[in-house]
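# Structural features, examined
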Amino acid sequence: MILLPGLLFILWGEAAQCRGQDGSFTFNGDIHHYAVATNTVYVATKDRLYQLSHDLTLVQNVPQRGVLKGGVLRPDEVQFQRVSETAWSNATFRINVLLPLVESDTLISCGVIEEECGHCEILKLMDISSLQYSESVQLGSPNRSSASVAVLVKVEKNPTKNDTYILTAIQQGQDQKERPSCTSDLHTVQLQNTEKNQKRGMFSLSGEQGTPSIESTGKVEFVDGFQISSTMYLLSNVRSGDKSNRIRLIWLKGKGSKSDTLKSLRGATLRVSEAEGHRLVASSVIPGAQPVLWSGVFSADVGRTNTELLVFDISPDLTGDQIPDPDFYSGGDKGSSAPEPKTLRPKAVLFRQSNMTSVLAVRHNTWVVFFIGTGDGQLIKLAVDKDYHTSCPMVLYRADDDRQVFPKIHLDPVDRNHVYVPVRNQMKRVPVSKCSTYRDVRECWSAQDPYCVWCGSGKSCMFEDDCVNSDWLSIPEDYQEKMVSHRVTKETTDQITLNVQTHLTAGQTARSNFACEFSAGSSALHCTSGPPPLFPQCTCILPNGTLPAEVLVKIRLGTMQLSERLTLTNCSDIRGPPSSVLCRQCIEAGCGWSKNKCSWANEGDRNDSVCKRMVSGIKFSTPEISSIAPSVVSFYGRNHAVLYGRNLSDVTRVRMQAHTDCTPQESPVWNNTGMNLTFHIPSADSKGVVKVCALLPDGSCHGSSTITYQSSPSCSDIVPSSTWLSGKRKLTIIGSHLDFVEGVTQSHAPQDVRLPENRIYQNLTFETVAAVNAQGPFPSTVFLKVANKTLPCTPNITVYPEPKFLSFKFIRVGGDVRITIEKKADKLEMKTAELSVWGVLGGHPYPCIMTAKESHNETDTFACEIQNTLDVEFQQLMIKYGDETVILHPKSSFQLIWVLLVLLPIPCIITVVLVYRSKQKKLTAKMNRLMENLELDIRNDIRQGFVDLQTEKTDLMENVGAIPFLDYKHFASRIFFPERETLMKLCIKDIGQDAVKVQLDECCHVLSQLIHNRLFLTSMVHALEEQKSFTIKDKCSLASLLTVALHGDLLYLTEVMEVLLKDLMLQNSNTHSKLLLRGTESTVEKLLTNWMSICLYGFLRESVGQHLFLMVSALMQQIKKGPVDCVTEKALYTLSEDWLLWQAQDFSSLKLKVLFAVGSDGELSEPLEVNSLSCDTVEQVKEKILSTFRSKFGFPFNIPLSDVCIEYERDGCFVPLEEVDRSSEVIGEVTMLNTLKHYKVPDGATIKVLQRKSHPPLSPQGSVKDDENFSRKYFHLIDPDVDEDQRKDPERKKLKLKEVHLTKLLSTKVAVHSFVENLFKSIWGLTHGRAPHAIKYFFDFLDAQAADMKITDPEVLHIWKTNSLPLRFWINILKNPQFVFDMEKTPQLDGCLSVIAQAFMDSFSLTEFQLGKHTPTNKLLYAKDIPRFKQEVRAYYKQIREQSVITESEFKSFLREESKKHDNEFNETAALRELYKFIQSYFTEIKDKLNENGAPTELTEQLHHAKTQFDGLKSCSWS
């Protein structure tokens, strides 16, 4: 028998499933549905159905993969046949309904196949691999929806016969999309058959007359359904029109026919409070007889942050005449003018807790026990007595993370002492009580747990069923604060009576042997005549009316004995000013409180609630709490919290209370200054919010604040993953809830606690502990200290020996000394930031600034610079890392050189000196003059660069005007056909055609039908891609033509894309999994680009577009601030070193007054101020004038640039400005373009703009740029390569160094950095905490495929997501803003965008780039920003992963809406004709591929028919 589960495990081949030591079961996939029957649990995941025994031992599981045959046009012909693990499949059966039908020993399993066709199966109850019957029929919701209900009900046909039906209640109004063609019409509420011998057979909806149903008038979300006796109950959230949400209950009477049952509709509205908008979240009927009590979890907000558990009496009201219902109707009578149904109000509010998600009510004796699941992974038990008084909630299960508990909870059907708790991909079997943890009878009773009894024979706390006889004690039928209470009464005869009451429930054996014994001190107390002990009470009439100070009562119940020591006080002696303290003292003494004084119990009030209404008799300043730091902690608590407020001097303790029925926790205070105090936050059993108040000596508690308990910290990674023996290396822990960590320790030195630095939710930094008297390498575990708990981090770190520094070399560079340090290569991966270096000369240290690191096979090299020093001969280096300091000496060759110099013949040296002395003086003088001039030029350039960098302003955006977004079809066409302008124009409809629905001609209609067949389309794509002549450009065109042709059916396009992606993944799964989606070498990769562009256009325009346009505009403004070479297009202000104009000469800024000639009589407009530069060419000045005009007025100038000419006003007349004229400077055969400086145009000059034809220019040429030899015949700011003596301008002879101008790159970065940051954050930011539908859906698709392919490497998934979204879509947008806006992209702008795009992609990279002196500037420019961007990206991916799954119906609705938005904007006919050209060229190959894939004959005939239509019909003309 032991081998059976293992054998089944192997047969069914589930790799990632296991039963844990705690009795839980982990599935390979999230739980979708589950059901419980007899001794079995049935669980459905995405693609499997599991059968488990009641203790969660695996019996077997069945894969839900198979082959779908037939077509969607004929639902009755659709067939699904399940196949084995390894066999080919094309469909998955996803279960939405699981109903065990015990009477017929069957399990009903219904759902959808590939989100299209409804399908049901009847399986054998105890053997789910045995298929009894199957049918293609829709039962229940066609989507995985938690807002639909399916339940088995019985309808009484006659007094001797009941029929079992499936009552389905389907969510309405949320999914208005067109249903798949093979899904039958679904009504709101229906009854379907469960037996073949019922009328019309299995699953039929038909009744005696037609198909009865109940319809709804508004949006309906069903929460629960059940049957009690013959009455059926359905609970739902209903929203009609603009009304707020209402919670509706409908009753159906299960008698007669289906039609009779559905027509018996009656309804009521559940009203939670006077406030509107509450929603029902979860439901559970409370077992028992009449009245019918029911419990529900209600939410006051959409996010379920405020939820409460209420009890209603929902007994059916079937009396009186039936009246129409405003939300539901049967038989075609719409209840639009129906009166409001009756309103039911709650009997009690039982419990308030944030984010409750599920509830199960169980009756145990007179108590009702509620099991409550929460969204942060807790199972809470709440016991409620018959008067709705609740005991203290108890946490039965608490997840370390925040996994949500499934909406439904069930009891173990066998022992009913366990409850099933489904969380994500796990099923927990949790005991309903922790009885065995209570050590004595008082603890057992104090737990207030109806399940627990103290067993006399076992002398332990246990379940009642486990106690072998009836000798047991338990809690009473109602809530009591004490197990034994007493009261003292005094009669008029001065007789004093002591009444002792036991608040217990006892078994028969215990009750029958009940006795009490009273004693005072060491002697027995002889009670005078009184009633004999009678469970649960005994009485003692005290002799002589005397009241002893202390009485010991021994109570015997069966074999058990209880002892209670009572302190007695003469009630009349309890005197003093009336106060809450005096009142409580009176009640606890067994007396009563009456008329502000203490009296005997028979004369006053015994309820301590009277004391709570009294004020203290002592005058204290009332404390006020303003804040608590921290106020959010893990459930382990927090040491040394600080409470801030006023009047805190008298506060003695801080009280924390989760629920009013629980004993509060109190913490002493210290360091009380009156304005703040320190206290410990204790640990908590549950997550959630607790109330906090400040306790005074009189017992009163004041102030109101809260503390929130959340999950405990967890680790996922430590970076770097190593340290050295001496410690103090800074490591970063990555995980969650790390802001709760108070200290960090390591396994090799557990007593040495390090305080964390830079704590945030996802990471913290700490310094490692030294390993004393140890030798590395060895592993060390990192522990997190949270309050008084120590938690281990999963990834260990490695402690290695100290790094070994070998030697150093130095060299002078200008006024600095560059030092190179050699270190032996090791596994520490030391960074430059971890080293501090000083050069030591004469005992004085000079700081050396670290600049770079390079790694080699055997050594690591670090470089640093000592700035502004005259000394080169440093005797030693002082290197500090962590807490260690190393002294290093240089690698010296000076001794050898010195010996050689000494051995040289002295006469030779003298001769050399005499020969060259005179020449050297002349050369030195000349070189000094040259060096002084060169140094002066370089100093000026460096100083100017420094000034620019320090004075750079980021206020670039003065007026960008309206954002010129392209409309959707032009945006999409530029994405689809970036290099095929002919196809782009062909596939876009003209403006006049947009609103016209064009009917496809016959040949195109046939082809459209053909590509709407998934098998044909996937076969065609594979066939074409297998041809060597089918180029990458052809693949991109094919993908884009398919996108256009199928744009009206994005849902189908998405399905095809998924199929092709799965095929591509299988091809790359063995060797190239990380290269998936990296390029565009297949049709589906281009298809994915197009799909992302379609689905993200709305997000791009609404959330990202403005930031992108502002960044591009800022870049363009920054570029225009400096010179731009008109010939090479290089600019002084840029982000790209390749496009840096480092040869630029001096320039100055000019403000020009520009006048426009208007009218025919030469009138001039008001002046327009235009910013320009002295080095601008005439053509550049024109461009700036027209650009300023458009920004100023919001529309372009009415004359094109080529027809514009400008004139400069000088000495009262206007002089034409030309690009080239007779005055132009010529060097060799190359002509310099004229600039404003050439024409000596001053600041503030007046420029007139005219139309060329009205004022002909001196030069007949429209623009010199039109010359095909433009770049060879002309130059602007970069000198041509000619002889030095041909240059006339001495300024051009100055030496220019590119490196001097690299500061311009940084200056440009500073100017636009805020715009870049805002753009990046808008891309990876989540609107309202949710990613766009397409991103969430596709990332979940990738997660699912990785799980199916058994890929566990997180890097692979990260790379897939990065390749599919940032690389495939966002980079395309960042580098090509002209795809989004009506604008032109200049070469210098393109260079800047490439640098920003590189930084964007580096933010998604998992590899760390080593920076050095040879690192490209585009990498260095954003080097300090990339780590922060990477953290934001990781958080972005994590948020998407943890975001709730988008339902299939929600995503399908989104795709249909996107299709409708842009209907008729593309020329589908043109796209189909272009597609046929591919089919025509590869007709034979496509046909062979169809035959290879087992395509039906009809499909091949349809292909031939399409060929005949296209080849033979002249009406289908080619474009």
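In case you missed it, the structure is sitting above this.
Please read all numbers here as calculations on a predicted model, not as lab measurements.

Glancing now at the packing of helix 21 (residues 1366-1375) against helix 22 (residues 1387-1402). Where helix 21 meets helix 22, the closest approach of the two axes is 9 Å, and the angle between their N-to-C directions is 155 degrees. Between helix 21 and helix 22, the angle falls in the class roughly antiparallel. The way helix 21 lies across helix 22 gives a crossing that is right-handed. The segment helix 21 lies against helix 22, with Pro1366, Leu1367, Trp1370, Ile1371, Leu1374 and Lys1375 engaging Asp1390, Leu1393, Ser1394, Ala1397, Phe1400 and Met1401. Here the residues of the contact of helix 21 with helix 22 are counted per class, giving 9 nonpolar, 1 polar and 2 charged.

What the 4 strands build is an open sheet, ordered 35-34-36-39; its pairing is antiparallel. The two strands at the open ends of the sheet, each matched to only one other strand, are strand 35 (460-463) and strand 39 (505-506). With 4 bridges connecting them, strand 34 (residues 452-455) and strand 35 associate as antiparallel partners. If you follow Trp454 over to strand 35, its bridge partner there is Cys461.

Looking now at the pattern of salt bridges. Inspection of the entire model under this criterion finds 46 salt bridges. For Glu477, the salt bridge is made with Lys386, and the minimal N-O distance between the two is 3.8 Å. In this pair, Glu477 is assigned in the loop between strand 36 (472-474) and strand 37 (484-490) and Lys386 in the loop between strand 29 (378-384) and strand 30 (394-398), connecting sequence segments 91 residues apart. Where Glu1442 meets Lys1438, a salt bridge forms, and the shortest distance between an N and an O atom there is 2.6 Å. With Glu1442 and Lys1438 both in helix 24 (residues 1426-1442) and 4 residues apart, this pair spans about one turn of that helix. For Glu1442, a relative accessible area of 52% puts it in the exposed group. The buried category is assigned to Lys1438, whose relative accessible area is 16%. It is possible to trace a salt-bridge network through shared partners that takes in Arg246, Arg248, Asp325, Asp327 and Glu340.

So, how was this worked out
Residues numbered from 1 in each chain as written. Predicted model: local features only at pLDDT ≥ 70, side-chain atom pairs only at ≥ 80, totals over all residues. Heavy atoms only, no water. Axes fitted to C-alpha atoms, helices over the stretch in contact; angles between N-to-C directions. Helix = DSSP H or I, 4+ residues; strand = E, 2+ residues; numbered from the N terminus. Parallel < 35°, antiparallel > 145°, perpendicular 65-115°, else oblique. Left-handed = near helix turned anticlockwise from the far one by under 90°. Contact = heavy atoms within 4.5 Å. Nonpolar A, V, L, I, M, F, W, Y, C, P; charged D, E, K, R; others polar. Pairing = 2+ DSSP bridges. Salt bridge = Lys/Arg side-chain N within 4 Å of Asp/Glu carboxyl O. Buried < 20%, exposed > 50% of the residue type's maximum accessible area, 1.4 Å probe, protein only.

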